[in-house]
Amino acid sequence: MSNVRVRFAPSPTGELHIGGARTALFNLLFVRSAGGTFVLRIDDTDLERSRAEYIDKLIDSLHWLGFEWDEGPYYQSGRIKEYTGEAERLLAENKAYRCYCSVEDLARARDAARGENKTFLYPGTCRNLTPAAEESLRKEGRGAVIRLRTPDHGTTVVDDQIRGEVSFENEMLDDFIILKSNGQPTYNFASIVDDLQMKITDVIRAEEHLSNTPRQILCALALGYELPRFSHVPMILAPDRSKLSKRHGATSVEEFYNEGYLPEALINYIALLGWSPGEDREILSLEEMIESFTLQRVNKTAAIYDVAKLAWMNGHYIREYDPEKLAEAALPFFRKRGLVEGDLPAEGYDYLKKVIAAVRERARTLVELADAAEYFYIGRFEYDPKGVKKAFQKEGTAELLRTLTGELRSLETFNMESTEALYHAVSERSGLSFGRLIQPTRLAITGRMGGPGLFEIMELLGKEKTIARMEKAIGYIESLN
RNA sequence: GGCCCCUUCGUCUAAUCGGUUAGGACACCAGCCUUUCAAGCUGGCAACAGGGGUUCGAAUCCCCUAGGGGUCACCA
C-alpha cells in the first residue's frame, strides 16, 4: 500500500448531497488508483446543526453507493483535545493570541464596514495585549477566543492540482478565529489539524473551499507541518445555474434511491460531471473509472446536472443488470406499490424475475419498472381511454374477442408459442390483420396500449387470468353501447 | 463591495506542448426495424461569451469587457 492518504469529510447537517457523493467518488477513484488509504471523517464541530441521525444516513448512503473506506469514521467532536493542544502550542509560541472582543462589538464593526461598502477585517484589537491588560479583561469575566497571528504582507499560494497556482495576498486575510469561546475549533482549524495529524497527502474537496485554503495553509505553516496537496473540484449546479437545492427535485443520494436509481448508474453519471476518461465512452464501471482516473482530467468548470441523461443511463443499467441483482433491487419498489406483500416464496420470486425480464427494457427507473409490472399482479385496472377509442370501439370487437376467447379456452398447452400460433391461424382464417387481433387483446388483458410482446404476457399471466380478463373486457365493450 | 475561480452545441464533455470539415453522449427531429410501447440501428439539427492583441496560423497563449459561481461568521 502506498503512503497516499485521502479523506472524505462530510458534516452531518443533512443528507448526502449529490455534490458530496461526487467528492467522495473522486477521492475514492484517486486513492484506489494510487493504492492508498481512504479515510472517512465526520466534521461535526458545529454542535448546533450536527445531528446523529444524519450520520447514520450519511453512512447508509455511502454503503449503498458501495464506497468503502479503510479508516474511520473519525469524529471531530471526539478530537477536541487535539485541537486545543495545537492551539495551546501556537499560543505558547506566540503564533496565536487570545481575543476578548465581544461578538456584539465585532458585529457592530462589521455592519459599519458593510455600510461603507468596505470589507471588514479584524483590526487586531487584542493582538498585542500586555499580560496585565489580559488579566484585567479576564477578571471582568469576558470569554476569549483564540486567533491566529497571520502575516501582514506577502502572498500565500495554493498549488492546486486541478487549477494550478492560485495566489492570495496576506493583507486580505485577518487574524481569524481558530478556537471559539466554547472551546470548539472553527472549521478551518479543525479541518487542517485533522488533515495534518492524519497524514492526509491529498485533500480533494469542493471548490467552495478554495477561498478558505490560504487560511488553512497559514495554520499548517504556523503549526510546522508539511502541506498536503490540494485539489478543488468544481461545483454541481441546478439547471438554472443556481446552487442545487430542494426545489430542483432530487438532490440527495437517498432521494435518488427512492426514485429508483441504481447505484452504479448514479456513480457513472456523477463521475462524468466534471471528469471524462478522455475517450468517447460514457458507460464505465467503477473499476474502469479507477483505471483511467487522474486529477488532471478533472474539469475546472461547474457542471449543471441533467436528470434526462441520468435517466437514460439508469435505463441502460436496468437493461444490462444481472437479473438476480435487479430483482433484489426492484423488490422494495414492488412492495411499495402493493404488488408484493409479506414474504416472497420461491415461486413468487421466480415469477418476479420473469416479470422483470419482460418489462425491464421499457423502464428507466425502478419506479417505472414496478409501474410497468403492475398488471402482472393486479387484475383491476382502467382501460387506457385512447386505447378504448382505437381498439375497443371498432365495429365487431366484442364478437372478435369472444371468438378469440373461445379458441384460447380450447388450447391444451397455453404458452407463448401456442397462443401466437392460434392468433396467426385466426388471422388467416378470418382475413383480419394480425394487429386487429392483437390491439384489443392487449388492452383487454393489460389495460394499456404498450408493453412486452403480447404472447409473452399471456404465458406469464396464464390461461385462467387471460380468459377472465378477456371476458371482463367483452362485458365492458358491450356496456359502452 | 473586496478577493478568488470559471466560460466549447440546450445539457455533460473531447480536441492537454497553436495547424481538426471542432469529435462523442443525452435531449430533440426524421427514417428503418416491429403485434404495440420501448430498445436497437441510420441520418439530421446544434457550440469555441464578446473585443483586442501575439503568430504564417488561435477554441488553444496574453490583455480587456461581460456573464456565472465561490468566499469574506465564535457555519461547515
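Here is what the cut-offs are and how they apply
Residues numbered from 1 in each chain as written. Chains lettered and ligands numbered in written order. Predicted model: local features only at pLDDT ≥ 70, side-chain atom pairs only at ≥ 80, totals over all residues. Heavy atoms only, no water. Helix = DSSP H or I, 4+ residues; strand = E, 2+ residues; numbered from the N terminus. Buried < 20%, exposed > 50% of the residue type's maximum accessible area, 1.4 Å probe, protein only. Contact = heavy atoms within 4.5 Å. Areas by Shrake-Rupley, 256 points an atom, 1.4 Å probe, with all protein chains shown as cover. Lys, Arg positive; Asp, Glu negative; His and termini not counted. Charge placed at Lys NZ, Arg CZ, Asp CG, Glu CD. Core = buried A, V, L, I, M, F, W, Y, C linked by side-chain atoms within 4.5 Å. Near = heavy atom within 4 Å. Polar contact = N/O pair within 3.5 Å; in protein donor to acceptor, adjacent residues only side chain to side chain. Nonpolar A, V, L, I, M, F, W, Y, C, P; charged D, E, K, R; others polar. Phe/Tyr/Trp six-rings, centres within 6.5 Å; stacked < 30°, edge-to-face > 60°. Axes fitted to C-alpha atoms, helices over the stretch in contact; angles between N-to-C directions. Parallel < 35°, antiparallel > 145°, perpendicular 65-115°, else oblique. Pairing = 2+ DSSP bridges. Right-handed = clockwise from strand over helix to strand, strands pointing away. Salt bridge = Lys/Arg side-chain N within 4 Å of Asp/Glu carboxyl O. pLDDT = per-residue confidence, 0-100. Domains from an automatic or database assignment.

Points about the overall build of chain A
The number of helices and strands found in chain A is 20 helices and 12 strands. With respect to the three principal axes, the spread of C-alpha positions in chain A is 110 × 45 × 40 Å. Looking at chain A as a whole, 49% of its 481 residues are labelled buried. Restricting to contacts in chain A with at least 6 residues of sequence separation, those with at least 24 account for 77%. Split by element, the accessible area of chain A, about 23400 Å² in all, is 49% carbon and sulfur. Side chains of chain A give 62 positive and 74 negative charges; the mean places of these two sets differ by 3 Å.

Some remarks on the nonpolar core
In this structure, Phe26, Phe334, Leu369, Phe392, Leu408 and Tyr423 are the most contacted members of the largest nonpolar core, which totals 108 residues. Ignoring anything within four residues of it in the chain, the contact list for phenylalanine 26 reads Ile204, Val233, Ala271, Leu273, Gly274, Trp275, Phe293 and Val298. Among the nonpolar cores identified, the runner-up in size contains 30 residues, and Val158, Phe168, Leu196 and Cys219 belong to it.

Observations regarding the protein's contact with RNA strand B
Around RNA strand B, a shell composed of 60 residues is seen, among which Asp46, Arg163, Lys180, Gly274 and Met449 lie nearest. Sugar and phosphate atoms form 69% of the subset of RNA strand B atoms that lie within 4 Å of the protein. The side chain of lysine 180 places a nitrogen or oxygen atom 2.6 Å from a phosphate oxygen of RNA strand B. Counting only elements with at least two residues in the surface near RNA strand B, the list comes to α4 (103-115), β7 (164-169), β12 (303-304), α11 (307-320), α18 (434-446) and α19 (454-461). In terms of residue count, α11 provides more of the surface near RNA strand B than any other element does, 4 residues in total. Tallied by class, the residues present in the surface near RNA strand B amount to 21 nonpolar, 18 polar and 21 charged.

Focus: the packing of aromatic side chains
For any pair of aromatic rings, the description rests on two quantities: the centre-to-centre distance and the angle between the ring planes. As enumerated under the stated definition, the model contains 16 aromatic pairs in all. For the pair phenylalanine 256 and tyrosine 261, a centre-to-centre distance of 5.6 Å together with 75° between the ring planes defines the contact as edge-to-face. Accessibility classification places phenylalanine 256 together with tyrosine 261 in one group, the buried group. Their ring planes at 80° and their centres at 5.9 Å tell us that phenylalanine 334 and tyrosine 377 sit as a pair that is edge-to-face.

Focus on the packing of helix α3 (residues 80-92) against helix α6 (residues 187-197)
Packed helix pairs are specified by the crossing angle of their axes together with the interaxial distance, meaning the distance between the axes. Across the interface, α3 lies against α6 with an axial gap of 10 Å and an inter-helix angle of 95°. The angle between α3 and α6 places the two elements in the roughly perpendicular class. Contact residues: α3 offers Glu82, Tyr83, Glu86, Ala87 and Leu90, while α6 offers Phe189, Ala190, Val193, Asp194 and Gln197. Looking at the contact of α3 with α6 residue by residue, the class counts come to 6 nonpolar, 1 polar and 3 charged.

Here's the deal with the pairing of strand β10 (residues 229-233)
Two faces, one strand: in a regular strand the side chains alternate between the faces of the sheet. For β10, the tally of buried residues reaches 4 of 5 residues, placing the bulk of the element in the interior. With 5 bridges connecting them, strand β9 (residues 202-206) and β10 associate as parallel partners. In the strand pairing of β10, valine 203 is matched with phenylalanine 230. Read as a crossover between parallel neighbours, the route from β9 over helix α7 (residues 213-223) to β10 is right-handed.

Points about the sheet that holds strand β4 (residues 96-99)
Sheet architecture is open: 3 strands sit in the order β4-β5-β8, paired in antiparallel fashion. Either end of the sheet is taken by a strand with one partner, and the two such strands are β4 and β8 (177-179). Averaged over neighbouring strand pairs, the angle between their axes works out to 45° when direction is ignored. Across 4 bridges, β4 lies against strand β5 (residues 145-148) in antiparallel orientation. Across the sheet, residue cysteine 99 finds its bridge partner in β5, namely valine 145.

Describing unusual backbone geometry
Looking along the chain, the bond that leaves glycine 72 and enters proline 73 is cis, with omega of 5°. The backbone of asparagine 94 shows a phi angle near 65°, a positive value even though the residue is not glycine. When you line up the elements, asparagine 94 lands in the loop between α3 and β4.

Description of the side chain of aspartate 174
As for its position among the elements, aspartate 174 is in the loop between β7 and β8. This buried residue, aspartate 174, is left without a salt bridge; arginine 215 holds the nearest opposite charge, at 4.2 Å. Engagement of the side chain of aspartate 174 in a polar contact is seen with the backbone nitrogen of tyrosine 122, the distance being 2.8 Å. In this structure, aspartate 174 is in contact with Phe120, Leu121, Tyr122, Thr150 and Arg215, ignoring residues within four places of it in sequence.

Here's the deal with the confidence of the model for chain A
Regions with low pLDDT carry predicted coordinates that are not meant to be interpreted in detail. Counting all residues, the mean pLDDT for chain A is 92, and 99% of those residues have values of 70 or more. Here the complex is predicted with pTM 0.92, and the ipTM for its interfaces comes to 0.93.

A closer look at the domain arrangement of chain A
Splitting chain A by domain gives domain 1 (5-78 + 236-304), domain 2 (80-233), domain 3 (321-377) and domain 4 (385-480). Summarising the inter-unit geometry, the C-alpha centres of domain 2 and domain 4 are found 76 Å apart.

Some details on the side chain of threonine 397
Mapped onto the elements of the fold, threonine 397 is located in helix α16 (residues 397-409). Overall, threonine 397 belongs to the buried group, its relative accessible area being 1%. At a separation of 2.7 Å, a polar atom in the side chain of threonine 397 contacts the main-chain carbonyl oxygen of lysine 394. With near-sequence residues (within four places) excluded, threonine 397 lies in contact with Ala391, Phe392, Arg436, Pro440 and Ile477.

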